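The residues making up each chain are set out below.
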Amino acid sequence: MLTHPVFNKRLMARSSVLVTCALAALFLVQCSDGGGSAIFVMEPLPYSLDALAPTISADTMGFHYDKHYAGYVKKANELTKGKGFAGKTAEALIQATAGDASKAAVFNNAAQAWNHAYFFKCLKPDGGSAPEGLLAEMIDAAFGGFVEFKALFITAAKDQFGSGWVWLVLDEGKLAVVTSANADTPLAHGMIPLFTVDVWEHAYYLDYQNRRVDFVKSVLDNLANWDFVAAQLEKAQPPKV
Ligand code: MN
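Residues numbered from 1 in each chain as written. Predicted model: local features only at pLDDT ≥ 70, side-chain atom pairs only at ≥ 80, totals over all residues. Heavy atoms only, no water.

### Notes on unusual backbone geometry
Residues Ala53 and Pro54 are joined by a peptide bond in cis, for which omega reads 5 degrees. Mapped onto the elements of the fold, Pro54 is located in the loop between α1 (5–31) and α2 (58–80). The backbone phi angle of Asp126 is positive, close to 55 degrees, even though this residue is not glycine. Mapped onto the secondary structure, Asp126 falls in the loop between α4 (104–121) and α5 (133–143). Unusually for a residue other than glycine, Asn182 sits at a positive phi of about 55 degrees. Tracing the chain through its elements places Asn182 in the loop between β2 (174–181) and β3 (192–198). On the accessibility criterion, Asn182 (43% relative accessible area) is partly exposed. (Helix = DSSP H or I, 4+ residues; strand = E, 2+ residues; numbered from the N terminus. Buried < 20%, exposed > 50% of the residue type's maximum accessible area, 1.4 Å probe, protein only.)

### A closer look at the layout of surface pockets
The volume enclosed by the largest pocket comes to roughly 360 Å³. Residue assignment for the lining of the largest pocket shows that the elements contributing at least two residues are α2, α3 (90–97), α4, β3 and α9 (226–236). Partitioning the lining of the largest pocket into residue classes produces 16 nonpolar, two polar and four charged. (1 Å grid on protein atoms, 1.4 Å probe; cavity = no way out; pocket = protein on both sides within 12 Å on 5 of 7 lines; lining within 4 Å. Points joined across faces, edges and corners; volume = space filled by probe spheres on them. Nonpolar A, V, L, I, M, F, W, Y, C, P; charged D, E, K, R; others polar.)

### Considering the environment of Gln112
Note on placement: Gln112 falls in helix α4. As a C-alpha pair, Gln112 and Ala183 span 71 residues in sequence and 5.3 Å in three-dimensional space. What Gln112 contacts, discounting residues up to four positions off in sequence, is Tyr72, Phe107, Trp165, Asn182, Ala183 and Trp200. (Contact = heavy atoms within 4.5 Å.)

### Overview of the sheet that holds β2
Ordered by their spatial adjacency, three strands build an open sheet running β2-β1-β3, and the pairing between neighbours is antiparallel. Both edges of this open sheet fall to β2 and β3, since each of them pairs with a single strand only. Neighbour-to-neighbour, the strand axes of the sheet open up by a mean angle of 25 degrees, direction not taken into account. Pairing between strand β1 (residues 164–171) and β3: six bridges, direction antiparallel. Bridge pairing in β3 links Leu170 to Ile192. Contacts between α5 and the sheet are confined to β1 and β2, with β2 contributing the most and set at about 75 degrees to the helix. Running at roughly 155 degrees to β3, α9 makes contact with β1, β2 and β3 of the sheet. (Pairing = 2+ DSSP bridges. Axes fitted to C-alpha atoms, helices over the stretch in contact; angles between N-to-C directions.)

### Quick word on helix α6 (residues 146–159)
Spanning 14 residues, α6 covers 20 Å between terminal C-alpha atoms, matching the ideal 20 Å at 1.5 Å per step. Along α6, the residues that are buried comprise Phe146, Phe149, Lys150, Phe153, Ile154, Ala156 and Ala157. One face of α6 carries all of its buried residues, which in axial projection span an arc of 160 degrees. In α6, the exposed positions that point more than 90 degrees away from the buried face belong to Val147, Lys158 and Asp159. On its buried face, α6 is in contact with α5, β1, β2, β3, α8 (212–222) and α9. (Expected span 1.5 Å × (residues − 1). Arc of directions from axis to C-beta.)

Below, the structure written as structure tokens:
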């Protein structure tokens, strides 16, 4: 049976009205929760879950991205919804709640959401080759060379007691290696994060059990995305005139 062309047009018109209404409703739901739309969104992985193997297995990435990271994003949004944080960026929210014991749960989940999104961007398949340009020059100046930097970073990872993060940061215009415990982040301490490795056990235990140093060394040698880090440095450090 052929459909009557007029009927067809009416149906299409009705469909487009329905689609418009549905989109408008979705927009209203997202924009009128009483406290603003969600501050944290799941950032897509810039590679597939199995792309970092064997340094980080697909199994570890699956749990890390889909369970741990997703959990922090969900919880951070639940805890901030309707609480007067509307319009704040994730970074501003983290800085505003840092050190406030009454907002520890907000800070912990918000900082973990931010730290994980940043960590995943610091990695890439077939990474690990030596940095170039300004980043390489600044690493040489601060640590005496790339090999020395890696040794310092690995030692910092080994010495971080319990869960936390190891970072390369820009601190008052100079590069430094620092660690942070649990959810803490250099963002909350006036430093600019450049590169990080997650040293919570969930980041490596399935693949390395207690061998944290082997995990961090393999990340540095095989996955570190120095192009991404160099781009962050360029953004943070205006070129010299
Ligand atoms: Mn983690």
